[in-house]
Amino acid sequence: MSAAAITAQELHSRYQNTFGRVGGYLPRNPLAIDEFQKSLAPRAVDLKDDLAKSVREFAEFIHSDGIARMYVSQMIDEVPEEHRHIRSIDDLIQYLNVVVGWAPSYDRDPQKLIALPMSALFGYMRLTKSGHVAFRLPQFNDALRKVMDTWYQYLNSAESTHVLNTRNWFSQPAIELNKLYEYECWDHRGEDYWGFTSFNDFFHRRIKLDEFRQLAGEGDPSVITAPADGTVYNMARGVARSDEFWLKEVYSLENMLWGPQCGSEYVSKFVGGDVYQSFLSVNSFHRWNVPVDGTIKHLEKVPGLMFSHLEMERPDPTTYTSSQSYQANVNTRGLAFIECGPELGNRMVCQVVIGMEEVSSIDWSVKVGDQVHRGQELGYFSYGGSSMALVFEQGIVNEFTVPQNDPHTHPDDGPTVFVRSQIARAS
């Protein structure tokens with residue numbers, strides 16, 4: 001056993017606090033993860049000579065990069081023997097090749113539900129000491145991102161609709177979980193797959209906004225509205241240009257708002273400003289809306305980490321919500337810089353959309369130069385969990401009007417907010 005290996009009891013303790021497990025998208029019983037990984041073996045054999053191009057390139061990278069190979073080998077070996085069903089890098093590659101052609105399924109038994117197959121594949125390994133390091137390696141993430149793109153293409157294909165049926169995502173428990181009766185698809189139940197063309201088409205389905213997400217503050221420009229459905233994680237004021245983002249509830253604007261295209265052009269505007277951050281669950285409405293009236297000044301997708309979370313001396317006692325500020329600084333994310341109108345002093349807001357777990361894509365519904373209005377669609381996530389942050393230039397927010405939970409003691413207990421509802425009032 002590796003000196004850094006953890007016991008089965010420690011592994012299960014860490015697993016029980018992961019986002020997927022507490023959120024209900026991975027099984028309550030961790031032994032179902034074992035069964036899932038074992039179930040991939042026969043399919044992996046069938047596909048052994050038919051590796052997806054991105055998976056083959058991922059394998060070539062790991063085998064050619066000595067540092068990546070070391071950490072990946074170690075994270076496999078650090079999983080306790082009785083739960084080590086992926087026993088080598090070649091096993092990992094073969095199993096990954098299966099999952100990129102795997103549409104997430106719904107199971108009404110919470111002991112067995114595997115709605116996040118990538119998290120189930122990486123679940124044990126990334127909880128190890130070497131796993132923490134491996135999933136932070138930039139080149140490892142670059143190679144893995146291409147694999148995720150392959151999976152995104154599959155989830156965008158007609159082939160992925162096979163899970164859209166009454167035994168799966170259209171079953172009564174799944175309908176209740178996702179509140180499908182609030183969505184436009186409810187009026188298309190008589191059509192094949194309820195009118196959806198792919199699994200991702202189902203995931204970023206449109207809600208009946210005027211009926212279920214009415215816009216707050218009509219005619220009042222001082223009202224700032226929620227950019228997405230979610231649970232409030234944190235509201236921070238007087239945010240620093242640079243800070244130790246690897247600590248809990250800390251934001252570093254230089255890292256959060258930096259992108260390869262915009263660099264640090266906009267960072268100075270936001271020093272001393274405010275941050276609002278909320279968490280989107282997998283069954284949330286995954287289209288985001290504009291929180292203020294203004295003009296789109298810059299849009300950018302920033303490549304970053306995936307499947308990484310805040311490393312703590314003890315297992316995170318939350319659903320990894322303590323990792324959200326960390327992920328806002330380092331994860332794959334989209335940056336939408338919006339210049340407010342004269343009513344808000346022509347100041348700037350940045351909407352930061354943050355990929356978590358298996359988010360496979362960020363798509364914009366607007367373009368640079370567009371005049372936008374509160375409640376207008378800004379874009380959407382494809383499959384997975386995600387987080388959303390608003391960064392306000394100093395002087396915009398007079399007060400936040402949603403209750404502030406204490407992220408230090410109750411980070412999972414923030415209030416639920418709905419897109420287009422009021423979250424703050426401008427000065």
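Quick caveat, the model's predicted, so the values are computed rather than measured.

1. A closer look at the overall build of the chain
Next up, step 1: Counting secondary structure elements, the chain contains 15 helices and 14 strands.
Next up, step 2: Its C-alpha radius of gyration of 21 Å places the chain within 12% of the 22 Å reference for a compact globule of 427 residues.
Next up, step 3: Oriented by its inertia axes, the alpha-carbon framework of the chain measures out at about 60 × 55 × 40 Å.
Next up, step 4: A total of 427 residues make up the chain; the buried ones form 60% of that total.
Next up, step 5: Long-range contacts, defined here as pairs at least 24 residues apart, represent 78% of the contacts in the chain between residues at least 6 apart.
Next up, step 6: Total accessible area computed for the chain in this model is approximately 17000 Å², and 48% of it derives from carbon and sulfur atoms.

2. So, the nonpolar core
Next up, step 1: Residues Phe58, Met118, Phe122, Phe140, Leu144, Trp169 and Tyr383 are the most contacted members of the largest nonpolar core, which totals 75 residues.
Next up, step 2: For this core, the leading source of residues is helix α9 (residues 138–155), giving eight residues.
Next up, step 3: If you look at the next biggest cluster of nonpolar residues, it comprises 35 residues, including Val349, Leu378, Leu390 and Ala426.

3. Let's talk about the sheet that holds strand β1 (residues 223–225)
The strands that make up a sheet pair up through hydrogen bonds in the backbone, lying either parallel or antiparallel.
Next up, step 1: As summarised here, the arrangement of the three strands in space is β1-β14-β12, forming an open sheet in which the pairing is antiparallel. Where the open sheet ends on each side, the last strands, each with one partner, are β1 and β12 (397–400). Each strand axis lies, on average, 35° off the axis of its neighbour in the sheet, ignoring direction.
Next up, step 2: Note that β12 and strand β14 (residues 422–426) share three bridges and pair antiparallel.

4. Considerations on the confidence of the model for the chain
Next up, step 1: Confidence along the chain averages 89 in pLDDT terms, with 93% of residues attaining 70 or more.
Next up, step 2: Segment residues 313–320 is flagged for pLDDT under 50; beyond a separation of four residues in sequence, or across chains, it makes 22 contacts in the model.

5. Considering the environment of Asp192
Next up, step 1: Turning to its location among the elements, Asp192 is positioned in the loop between α10 (172–178) and α11 (199–203).
Next up, step 2: Taking relative accessible area as the criterion, Asp192 reaches 65% and is therefore assigned exposed.
Next up, step 3: Along the sequence, Asp192 and Gly304 sit 112 residues apart, while their C-alpha atoms lie 37 Å from each other.

6. A look at the pattern of salt bridges
Next up, step 1: In total, this model carries 14 salt bridges according to the counting rule given.
Next up, step 2: A salt bridge links Arg241 to Glu254; the nearest nitrogen and oxygen atoms lie 3.0 Å apart. Of this pair, Arg241 sits in the loop between β2 (230–237) and α13 (253–256) while Glu254 sits in helix α13; the two residues are 13 residues apart in sequence, bridging distant segments of the chain.
Next up, step 3: For Arg241, a relative accessible area of 28% translates into the label partly exposed.
Next up, step 4: Judged by relative accessible area, which is 34%, Glu254 ranks as partly exposed.
Next up, step 5: Shared partners join several salt bridges into a network, and the residues in it are Glu81, Arg84 and Arg87.

7. Some words on the packing of aromatic side chains
Geometry of an aromatic ring pair is reported as the spacing of the ring centres plus the angle between the planes.
Next up, step 1: Applying the stated rule across the entire model yields 26 aromatic pairs.
Next up, step 2: Ring geometry for Phe122 and Phe135: centres 5.2 Å apart, planes at 70°, overall edge-to-face. Note that Phe122 is positioned in helix α7 (residues 117–122) and Phe135 in the loop between α8 (129–134) and α9, a separation of 13 residues in sequence. For the pair formed by Phe122 and Phe135, the shared burial category is buried.
Next up, step 3: Plain terms: the ring middles of Trp169 and Phe202 are 6.0 Å apart, the flat faces sit at 45° to each other, and that makes the pair tilted. Within this pair, whereas Trp169 is found in the loop between α9 and α10, its partner Phe202 is found in helix α11, the two being separated by 33 residues in sequence.
Next up, step 4: Residue class for Trp169 comes out buried when judged on its relative accessible area of 5%.
Next up, step 5: Members of the aromatic cluster, connected to one another through ring pairs, are Tyr106, Trp151, Trp169, Phe170, Tyr181, Trp186, Trp194, Phe196, Phe199, Phe202, Phe203 and Tyr383.

8. Describing the side chain of Ser198
Next up, step 1: With respect to the helices and strands, the residue Ser198 is situated in the loop between α10 and α11.
Next up, step 2: Judged by its relative accessible area of 3%, Ser198 falls in the buried class.
Next up, step 3: If we ignore the near neighbours within four places in the chain, the residues touching Ser198 are Leu155, Asn156, Ser157, Ser160, Thr161 and Leu164.

9. As for unusual backbone geometry
Next up, step 1: Residue Lys179 is not a glycine yet carries a positive backbone phi of 50°.
Next up, step 2: The exposure class assigned to Lys179 is partly exposed, which follows from its relative accessible area of 37%.
Next up, step 3: The phi dihedral of Trp194 is positive, around 55°, even though this residue is not glycine.
Next up, step 4: Structurally, Trp194 is set in the loop between α10 and α11.

10. Points about helix α4 (residues 53–64)
Next up, step 1: Spanning twelve residues, α4 covers 16 Å between terminal C-alpha atoms, matching the ideal 16 Å at 1.5 Å per step.
Next up, step 2: When we look at burial in α4, the residues that qualify are Ser54, Val55, Phe58, Ala59, Phe61 and Ile62. In an axial view of α4, the angular spread of the buried residues amounts to 160°, which keeps them on one side of the axis. Residues Lys53 and Ser64 are exposed on α4 and point more than 90 degrees away from its buried face.
Next up, step 3: As for α4, its buried residues are in contact with α5 (66–77), α6 (89–99) and α9.

Reading the values: rules and limits
Residues numbered from 1 in each chain as written. Predicted model: local features only at pLDDT ≥ 70, side-chain atom pairs only at ≥ 80, totals over all residues. Heavy atoms only, no water. Helix = DSSP H or I, 4+ residues; strand = E, 2+ residues; numbered from the N terminus. Rg over C-alpha atoms; globule rule 2.2 N^0.38 Å. Buried < 20%, exposed > 50% of the residue type's maximum accessible area, 1.4 Å probe, protein only. Contact = heavy atoms within 4.5 Å. Areas by Shrake-Rupley, 256 points an atom, 1.4 Å probe, with all protein chains shown as cover. Core = buried A, V, L, I, M, F, W, Y, C linked by side-chain atoms within 4.5 Å. Pairing = 2+ DSSP bridges. Axes fitted to C-alpha atoms, helices over the stretch in contact; angles between N-to-C directions. pLDDT = per-residue confidence, 0-100. Salt bridge = Lys/Arg side-chain N within 4 Å of Asp/Glu carboxyl O. Phe/Tyr/Trp six-rings, centres within 6.5 Å; stacked < 30°, edge-to-face > 60°. Expected span 1.5 Å × (residues − 1). Arc of directions from axis to C-beta.

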